[in-house]
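One letter stands for each residue in the lines below.
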Amino acid sequence: MSKQTPMMEQYLRIKAQYEDAFLFFRLGDFYELFLEDAIKAAKELEITLTSRGKGAEEDRIPMCGVPYHSAEQYIVQLIKKGYKVAICEQTEDPQQAKGVVKREVVQVITPGTVMEGNIIEEKDNNYLVSITPLAEDRFGIAAVDMTTGEFKVTAIDGLEGLYHEVAVYKPKELVIPSTFSEDMQQHLQKNLGVTLSFEDGQAVDNTLFHKIEEEALVKTCARLLNYLKKTTKRSLDHLQPAIYYMANEYMGVDVHSKRNLELVETLREKKKQGSLLWVLDETETAMGGRHLKQWIERPLVSKDLIEKRLSLVETLLDRFFERESLREQLNGVYDLERLSGKVAFGNVNGRDMIQLKRSLQQVPQIFETAAKLGNGYADELIGQGENCEGLRELLETSLQEEPPLSITEGNIIKDGYNQELDKYRDAMRNGKTWIAGLEQQERAETGIKSLKIGFNKVFGYYIEVTKANIPHLPEGRYERKQTLSNAERYITEELKEKETLILEAEEKSVKLEYELFMEIREKVKAYIRPLQKLASVISTLDVLQSFAEVAEKNHYVKPKVVYNGEVKITDGRHPVVEKMIDEGDYVSNDIHLDHEQEMLLITGPNMAGKSTYMRQLALISIMAQVGSFVPASAATLPVFDQIFTRIGAADDLAQGQSTFMVEMLETKHAVSRATKNSLILLDEIGRGTSTYDGMALAQAIIEYIHHEIGAKTLFSTHYHELTSLANDLPRLKNVHVSAIEEDGKVVFLHKVIDGAADRSYGIYVAELAELPPKLISRAKTILHDFENGDKHSIVKEVDESHQAFEEVSAAVEETVIDTSTQQAHDMEQLTLFGTIDKENEEESSKKKLSSKEKTIVDEIQKLNLLHITPIQAIQVLDELQRKLRK
Ligand code: ADP
C-alpha cells in the first residue's frame, strides 16, 4: 500500500486504540467507517460498501458511511448485535483547522453502557457486570445498571456459584481482567451469551465505595467504574453508592430452576406471557415493573421482611378505594430512575423534564394515600422518600408545558422565569405585532387587498405584491428585493430595521433559553440522590399494590409464614396454568409436608399433572417469599433457603450435553447444596437411561435425600415400582395423580390422592397423541405379555442398599455416569407385592404370584371405579385384605 494520507494516518492511530469497536469517524456530515470495519459494517447494516483513494485497486480503501443525523439507528443495530461503537468527533472547527482537523473519541457505546435509542425495554434492567478474582476459587461480582444508577457488589465462592450469580443479572456485557484464561472466557461467552470487555485498571478514586469494607471488593467495583469512565467519558453522577449484599440474603434459585419454573419468561419462547412475572405484573410504572422482576429473581429469606410486605398487601387488598387512588396516582409517574440517569448523562431534553415535573406532582398525593392506609410498613416507606418539592417548584416555574424535542430551538422556558428572556420575547412579539399592523396599513394605503408580508430565511421579511397588482403600486414606494414568476417582493427601510430587531431578539432568546436549560439541568443534578430514593419507595409501593390487585383478581390468600418447616397448602393452584385454561377448569390440590413427612413420591400417568403439581409448590413458595399472596384457599409455608428443580427436558444440546447428563448435573447440584430447609423437586429422574439403570439411580437419590439431607422433596416418577420404598423410608409418602378409565379411554382427573398409582398408562397417552392404531394395538399386546411374564424386583432392601447408594451418589457427584446396562438387562421388573429380601433374592426372583394373589389382582383389575362410591371402595378393600390374610 502506498503512503497514507494524513487523515488516514489519524484514523489508523485512533482505531488502534479501539480495536474491539466499530470506529464511527466523523467526516463533515457523515460518520465514515474504513477498512475491516467498513467491510463488516456494510454487511451488518446492509449499507453500500465503497472505496476511498485513487489509483490501483489494492491502494483503494474500503469505506462506508452513515449520515450523522440518522446515525443513532445504525448504532442501535450494532449494539443490539452485541458490538461496540466508538464515536469519533471533530473537536475543532474545520474552518479554523491547520492541516487535518483534530478528532477524538468522545464516547464508546457498548451493550452494557448504552443509554440511547430504544434498545432497553422499559421494564427491564440493563446490567453491566464485572468479575474480579479475589482468592483461589473466590470471585467478586459488581453490577451496574447505567440507566437507573443501581450499583451492587458481592463475593461468591466457586465457579458454579459465579455463573449462577452472574446469570441472575442477565448482563449484556461482562468486564473481566485480561488475565482470564481462554477457557474461562469461552465458558462465560457460551453460557451467558454476552459481549466480553477487558479492563485491568483498578485505581480507586471514588466515594461510591465508602460503604464497602473489603478492599478486594472495592477493587471489583473500581474495575467496573474504570471501564465505565473510559467508555462513556461523561458524568456518572447518577451512579448510586455500591451496595454490598450476600447471595444468601435471598432464596437461592439457580439458573436452571429459574428457567424451568418460568419465573420471568417462558422456557421455549422466552416470552413474558406465560411466566410468573406475567401473572404478578399489575404494576403501573416502569420502575415498579423492573422492581417486581428483581424481586421475583431474588425471593427473600427474612421472615420479617416477607411479613412486612405481606401485611401491606393485605391492607391494600382490604382498602379498595385507597388502592384505586394509588394506582391512578402511580399511573402518572414516569421513570424517575431513568430520567435521573439522563440528567446525569447530559442527554435530557425539555420533554423529559416535563415528565419529571408531572411525576413529582403526583408524589404528595401518593404519600397522602399511603399514609391513609395506617400500615406500619407504608409509613416506613413514606419516611424513606423525599418529595423533592423544591425541584418540583423549579420545574413548574421554569418550563413550558409542551417543549420541543430539541433543546437548541427555544420554546422551552416559561415567560416570567427570566427577565432578560422576557425582554427579548417582548421585542419579538412587539415586532411581529408591528409587522401585522404594517400589512393592514399598506393594504389600505395601496388598495391592494392581496398584498402580504412574509418571511424566509434567506431574504428575511418582505412585502409581496402579485404581478397583476404592480401597476396599482405607487412608483418608488418600496425597494425591489426579489422577482418571482407571478409576484414581486419588496422591502422598506422601516421593515428592515424591525427585522433586525426581531431576528436579534430571536437569536438571543434561543441562546439564552439553551443556557437557562443547562442551568436548570445542573440544578436537577443536585436532586439525583433524593430522586433515586423516591423512585425506590414508589416502585416498592407499586409492586405491593400490584400484588394486592393480582390477589383480588385471582382469589389468592395470605400465606402464613412459619419457622417449623411445615408446608400445608389447601386447594393450591398453579398460578400460570390456571390462567391458561378455561376458568374453573383447574383442579386444585392440597399438599402437606412437615418434619415427619418430608418427601412425597408422586406417581401417575404421563400428562396427569405431576409436574404441574410440583411446580405449583415451588411457585407458591416463591410467591410467598417475594411477599405476594398465593393461589390457594389456605397456606402455611416455611422460609425455604433454596429451591432446586429438575423438571422438564431443558436440553442443553447446544453445549454438547445430553438430556441425561443435564439431568445428572442438575441432580448433583441439588444433592450437594440442599439443606434441611431447602425444597427439591425432581421430576422423572432416571428417564434418560435404561429402565433399571434409571430406577436404581432414582431409588438411590430418594434414599440419599431422605437419609442425608432431609430437604422437603417432591419426586415424581413413572416407575410405580418405586412406591414400595415408602414401606422402608419413614418420612416418604406415596401420592398419585388420579386417572380413570372410561369406555376404554383414560381420563385425567388431575387430583392428587394419597397412595401409589397402579400403572403408567403410557399407551393411553400414545393413543391420545394419535399414533397409528396398529402400533397401539401391538403395544397393548406386548404390554400384556410383559405383565404375564416372570417378574421380580430390583428394589433391594433399603438398609442394605444404603452403602450402595453412597457409591451411586458418588458417581453422580463426579458426574461419571456408568451407562452400562448389562446388569440391568439381566434383571426383571418388580413384583406387585413388596420388596424382596436380599438373602433370598435368588429364590425370590423365581417367585411367582400365588393363585390367591392372582385372584386378588384380577378382582382389582375388574373394578370399575366410576361406578362405585368411596364407601363401597372401602368395603371392597376390606374384603380383599381379609382374603389376603386368610
Ligand atoms: P405430567 O407431569 O404428569 O406428565 P403435567 O403436569 O405436565 O403432567 O400436566 C399435563 C397437562 O395437564 C398440563 O399442561 C395442564 O394443562 C394439565 N393439568 C395439570 N394439572 C392440572 C390441574 N391440576 N388442573 C387442570 N389441568 C391440569
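Residues numbered from 1 in each chain as written. Predicted model: local features only at pLDDT ≥ 70, side-chain atom pairs only at ≥ 80, totals over all residues. Heavy atoms only, no water.

Some words on the overall build of the protein
Line of reasoning, step 1. Within the protein one finds 29 helices and 27 strands.
Line of reasoning, step 2. Per-residue burial for the protein yields a buried fraction of 50% across its 886 residues. (Helix = DSSP H or I, 4+ residues; strand = E, 2+ residues; numbered from the N terminus. Buried < 20%, exposed > 50% of the residue type's maximum accessible area, 1.4 Å probe, protein only.)

Observations regarding the UniProt feature "binding site: ATP" (unreviewed entry) in the protein
Line of reasoning, step 1. The residues that UniProt annotates with the feature "binding site: ATP" (unreviewed entry) are G604, P605, N606, M607, A608, G609, K610 and S611.
Line of reasoning, step 2. Examined against the element boundaries, G609 turns out to sit in the loop between β21 (599-603) and α20 (610-626).
Line of reasoning, step 3. Beyond its immediate chain neighbours, meaning those up to four positions away, G609 contacts V737 and H750.
Line of reasoning, step 4. The contact partners of S611, leaving out residues within four places of it in the chain, are I647 and D683. (UniProt positions renumbered as here; feature names shortened; annotations may be inferred. Contact = heavy atoms within 4.5 Å.)

Considerations on the site of the ligand
Line of reasoning, step 1. Among the 13 residues in the neighbourhood of the ligand, the closest are listed as V587, M607, K610, S611 and T612.
Line of reasoning, step 2. Here a nitrogen atom of the ligand and a backbone polar atom of V587 are 2.8 Å apart.
Line of reasoning, step 3. Separating a nitrogen atom of the ligand from a side-chain N or O atom of H750 is a distance of 3.5 Å.
Line of reasoning, step 4. In terms of residue count, α20 provides more of the shell around the ligand than any other element does, three residues in total.
Line of reasoning, step 5. In the shell around the ligand, the residues fall into six nonpolar, five polar and two charged. (Near = heavy atom within 4 Å. Polar contact = N/O pair within 3.5 Å; in protein donor to acceptor, adjacent residues only side chain to side chain. Nonpolar A, V, L, I, M, F, W, Y, C, P; charged D, E, K, R; others polar.)

Quick word on the pattern of salt bridges
Line of reasoning, step 1. Tallying each qualifying case throughout the model produces 50 salt bridges.
Line of reasoning, step 2. Note that R327 and E282 form a salt bridge whose closest N and O atoms lie 3.9 Å from each other. Note that R327 is positioned in helix α11 (residues 320-331) and E282 in the loop between α8 (276-280) and α9 (286-297), a separation of 45 residues in sequence.
Line of reasoning, step 3. A residue is classified by how much of its surface remains accessible, and R327, at 12% relative accessible area, is buried.
Line of reasoning, step 4. On the basis of relative accessibility, which here comes to 22%, the residue E282 falls in the partly exposed class. (Salt bridge = Lys/Arg side-chain N within 4 Å of Asp/Glu carboxyl O.)

So, the side chain of K712
Line of reasoning, step 1. Assignment of secondary structure puts K712 in strand β25 (residues 712-716).
Line of reasoning, step 2. Although buried, K712 forms no salt bridge, and the nearest oppositely charged side chain, E598, lies 5.0 Å from it.
Line of reasoning, step 3. From its side chain, K712 meets the backbone oxygen of G565 in a polar contact 3.4 Å long.
Line of reasoning, step 4. In contact with K712, other than residues within four places in its own chain, are G565, L593, D594, E598, F640, K676, S678, L679 and I680. (Lys, Arg positive; Asp, Glu negative; His and termini not counted.)

Considering the environment of L225
Line of reasoning, step 1. Tracing the backbone shows L225 in helix α6 (residues 215-232).
Line of reasoning, step 2. By relative accessible area, L225 is classed as buried at 4%.
Line of reasoning, step 3. Distance from L225 to S130, taken between C-alpha atoms, is 9.5 Å for residues 95 residues apart in sequence.

Comments concerning the pairing of strand β7 (residues 127-135)
Line of reasoning, step 1. Looking at chain direction, β7 and strand β8 (residues 138-145) are connected through eight bridges and run antiparallel. Bridging across to β8, I131 finds its partner in I141.
Line of reasoning, step 2. Counting the residues between successive antiparallel strands, the hairpin from β7 to β8 contains two residues, one of them, D137, with a positive phi of roughly 60 degrees.
Line of reasoning, step 3. Alignment of β7 against strand β10 (residues 173-176), held across three bridges, turns out to be parallel. Residue L128 lies in a different strand from β10, and its bridge partner there is E173. (Pairing = 2+ DSSP bridges.)

Brief notes about the pairing of strand β16 (residues 479-483)
Walk down a regular strand and you will see the side chains alternate between the two sheet faces.
Line of reasoning, step 1. The sheet contact formed by β16 and strand β17 (residues 487-491) spans four bridges and is antiparallel. Within the sheet, the bridge partner assigned to E479 lies in β17 and is I491.

So, α6
Helical geometry note: an α-helix holds 3.6 residues per turn, so side chains three or four residues apart project in the same direction.
Line of reasoning, step 1. When the terminal C-alpha atoms of α6 are compared, their 25 Å separation across 18 residues agrees well with the 26 Å that a helix rising 1.5 Å per residue should span.
Line of reasoning, step 2. Burial of α6 is extensive: 13 of the 18 residues sit out of reach of the surface.
Line of reasoning, step 3. Two residues or fewer past α6, K233 is found with a positive phi of approximately 55 degrees. (Expected span 1.5 Å × (residues − 1).)

Let's talk about a negative patch on the surface
Line of reasoning, step 1. Side chains of E479, E493, E494 and E497 sit close together on the surface and give a patch of like negative charge.
Line of reasoning, step 2. If one sorts the elements of the negative patch by residue count, helix α17 (residues 493-525) sits on top with three residues.
Line of reasoning, step 3. Mapped onto the elements of the fold, E493 is located in helix α17. (Patch = residues over 30% accessible without salt bridge, like charges linked within 9 Å, V, L, I, M, F, W, Y side chains within 5 Å. Areas by Shrake-Rupley, 256 points an atom, 1.4 Å probe, with all protein chains shown as cover. Charge placed at Lys NZ, Arg CZ, Asp CG, Glu CD.)

What to know about the packing of aromatic side chains
Line of reasoning, step 1. What the rule picks out here adds up to eleven aromatic pairs.
Line of reasoning, step 2. Considering the side-chain rings of F24 and Y31, the 5.9 Å spacing of their centres and the 50 degrees angle between planes classify their relative orientation as tilted. Y31 shares its class with F24; the two are buried.
Line of reasoning, step 3. Ring geometry for F455 against Y461: centres 4.7 Å apart, planes inclined by 50 degrees, an arrangement best described as tilted. (Phe/Tyr/Trp six-rings, centres within 6.5 Å; stacked < 30°, edge-to-face > 60°.)

Thoughts on the confidence of the model for the protein
Line of reasoning, step 1. Averaged over every residue, the pLDDT of the protein is 85; the share at 70 or more is 90%.
Line of reasoning, step 2. Counted against residues more than four places away or in other chains, residues 650-656, with its pLDDT under 50, gives nine contacts. (pLDDT = per-residue confidence, 0-100.)

Things to note about the sheet that holds strand β18 (residues 560-562)
Line of reasoning, step 1. Pairing is mixed in the open sheet, where four strands are placed in the order β18-β22-β19-β20. Bordering the open sheet on either side are β18 and β20 (589-593), each of which pairs with just one other strand. On average, each strand axis in the sheet is tilted by 20 degrees relative to the strand beside it, whichever way the strands run.
Line of reasoning, step 2. As paired strands, strand β19 (residues 567-572) and strand β22 (residues 634-638) are joined by three bridges and run antiparallel to one another. Note on β22: the bridge partner recorded for T570 is A634.
Line of reasoning, step 3. Helix-sheet contacts for α20 involve β19, β20 and β22, and the interaxial angle to β20 is about 75 degrees. (Axes fitted to C-alpha atoms, helices over the stretch in contact; angles between N-to-C directions.)

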